[in-house]
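An overview of the molecular structure
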Amino acid sequence: MGRTTFDPAVENEWWPWPDFDVHVLTSRPLPEAGFGSVVKAHADPAAMVAELGQRYSRDVLVLGGPSTVASLLELGAIERLHVLVVPALLGHGLSLAQAPRRHRDLELLDQQTYPDGTVELSYRPR
């Protein structure tokens with residue numbers, strides 16, 4: 001995950017991922033806290049992707065915002081991208097990803113609507 005996703009989780013009353021290793025893309029040191037799981041910082045996205053590929057034999061879930069998504073898309077490290085459209089008007093928000101270095105089309109693989117009106121779109125980068 002990216003640092004912007006990580007920091008609010010640290011401020012929670014409970015750690016949301018006690019049963020998962022968490023790897024954070026950040027150039028700043030992580031706080032010392034009792035996470036109950038492995039939490040590791042990585043400054044270089046390519047090095048992180050290589051380490052995770054060697055360490056884990058299964059898929060890796062990425063949680064993150066525009067910077068994290070753009071970095072991993074650029075490396076070709078995202079095989080499937082899930083986007084949740086939540087029915088709330090914020091007045092402003094963040095882009096899905098920072099402007100990529102090159103145009104990238106996405107192929108829609110699946111869609112699901114939830115009772116609260118949230119729609120999950122699943123894409124594969126082409």
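Keep in mind it's a predicted model, so treat the numbers as computed, not measured. (Residues numbered from 1 in each chain as written. Predicted model: local features only at pLDDT ≥ 70, side-chain atom pairs only at ≥ 80, totals over all residues. Heavy atoms only, no water.)

Considering the overall build of the protein
When you go through the protein residue by residue, the secondary structure sums to three helices and five strands. Across the protein, helices and strands are ordered from the amino to the carboxyl terminus as α-β-β-α-α-β-β-β. If you line up the protein on its principal axes, its C-alpha atoms span 40 × 35 × 30 Å. Partitioning the contacts of the protein with sequence separation of at least 6, the portion at a separation of at least 24 is 48%. Roughly 9100 Å² of accessible area belongs to the protein as shown, and the carbon and sulfur atoms make up 52% of that amount. Separation of charge centres in the protein, based on 11 positive and 16 negative side chains, amounts to 7 Å. (Helix = DSSP H or I, 4+ residues; strand = E, 2+ residues; numbered from the N terminus. Contact = heavy atoms within 4.5 Å. Areas by Shrake-Rupley, 256 points an atom, 1.4 Å probe, with all protein chains shown as cover. Lys, Arg positive; Asp, Glu negative; His and termini not counted. Charge placed at Lys NZ, Arg CZ, Asp CG, Glu CD.)

Brief notes about the sheet that holds strand S4 (residues 106-113)
What the three strands build is an open sheet, ordered S3-S5-S4; its pairing is antiparallel. Taken across any chain shown, the strands that pair with only one partner, and hence form the sheet edges, are strand S3 (81-85) and S4. If you compare each strand with its neighbour and ignore which way they point, the axes differ by 25° on average. (Pairing = 2+ DSSP bridges. Axes fitted to C-alpha atoms, helices over the stretch in contact; angles between N-to-C directions.)

Points about the environment of threonine 118
With respect to the helices and strands, the residue threonine 118 is situated in the loop between S4 and strand S5 (119-125). Under the relative-accessibility criterion, threonine 118 is labelled buried at 9%. With sequence-adjacent residues up to four places away left out, threonine 118 is seen in contact with Leu84, Val85, Val86, Pro87, Gln112 and Thr113. (Buried < 20%, exposed > 50% of the residue type's maximum accessible area, 1.4 Å probe, protein only.)

Quick look at the nonpolar core
Counting 11 residues, the largest nonpolar core is built from Leu25, Met48, Leu52, Val69, Leu72, Leu73, Ile78, Leu81, Val83, Leu121 and Tyr123. Sorting the residues of this core by element identifies helix H2 (45-55), helix H3 (66-74), S3 and S5 as the ones contributing at least two each. If one sorts the elements of this core by residue count, H3 sits on top with three residues. Each residue touching tyrosine 123, except ones within four places of it in the same chain, is listed here: Glu79, Arg80, Leu81, Val83, Leu106, Glu107, Leu108 and Leu109. (Core = buried A, V, L, I, M, F, W, Y, C linked by side-chain atoms within 4.5 Å.)

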